[in-house]
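# An overview of the molecular structure
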Amino acid sequence: TLVSFHSELDFGIAQEPQKYLPDVAAFKQAWLAQPHALAIMPPDIYRQIGQDGLPMRLIAQDTRRVVVATP
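Parameters and conventions
Residues numbered from 1 in each chain as written. Predicted model: local features only at pLDDT ≥ 70, side-chain atom pairs only at ≥ 80, totals over all residues. Heavy atoms only, no water. Salt bridge = Lys/Arg side-chain N within 4 Å of Asp/Glu carboxyl O. Buried < 20%, exposed > 50% of the residue type's maximum accessible area, 1.4 Å probe, protein only. Helix = DSSP H or I, 4+ residues; strand = E, 2+ residues; numbered from the N terminus. Arc of directions from axis to C-beta. Contact = heavy atoms within 4.5 Å. Polar contact = N/O pair within 3.5 Å; in protein donor to acceptor, adjacent residues only side chain to side chain. Phe/Tyr/Trp six-rings, centres within 6.5 Å; stacked < 30°, edge-to-face > 60°.

## So, the pattern of salt bridges
By the definition in use, this model includes three salt bridges. Across the pair Glu-16 and Lys-19 runs a salt bridge, and its minimum N-O distance is 3.3 Å. Looking at Glu-16, the relative accessible area reads 36%, which means it is partly exposed. Judged by relative accessible area, Lys-19 falls into the partly exposed class, the value being 47%. The shortest N-O distance in the salt bridge between Lys-28 and Asp-52 comes to 2.4 Å. Of this pair, Lys-28 sits in helix H2 (residues 24-33) while Asp-52 sits in the loop between helix H3 (43-51) and strand E4 (57-61); the two residues are 24 residues apart in sequence, bridging distant segments of the chain. The exposure class assigned to Asp-52 is partly exposed, which follows from its relative accessible area of 46%.

In structure tokens, the structure reads:
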């Protein structure tokens, strides 16, 4: 599910809006509703939602991406 990104993907978002979340708040709600999920995000978003207390388990990271799973 794509979160808060548009650009060249606008056409696809219009075709399948159920596969898009408009912001990080919507992601948090969807994340908490999933028993088993993975997410890939930039490090700054990872730090932000980590500070907010969103439960997640770090799987991997590099300088551009962080991969997390539901705990």
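The discussion continues.
## Overview of H2
Within H2 the residues assigned to the buried category are Ala-26, Phe-27 and Trp-31. Taken around the axis of H2, the buried residues stretch over an arc of 135°, which confines them to a single face. Opposite the buried face of H2, by more than 90 degrees, sit the exposed residues Gln-29, Leu-32 and Ala-33. Contacts from the buried residues of H2 go to strand E1 (2-3), strand E2 (20-21), strand E3 (38-41), H3 and strand E5 (66-69). The opening residue of H2 is Asp-23, an N-cap whose side-chain oxygen sits 3.3 Å from the backbone nitrogen of Ala-25.

## Remarks on the packing of aromatic side chains
For the structure on display, the rule yields one aromatic pair. Arranged with centres 5.5 Å apart and planes meeting at 35°, the rings of Phe-27 and Trp-31 form a pair that is tilted. In this pair, Phe-27 and Trp-31 both sit in helix H2, four residues apart, roughly one turn of the helix. By the burial criterion, Phe-27 is buried, and Trp-31 matches it.

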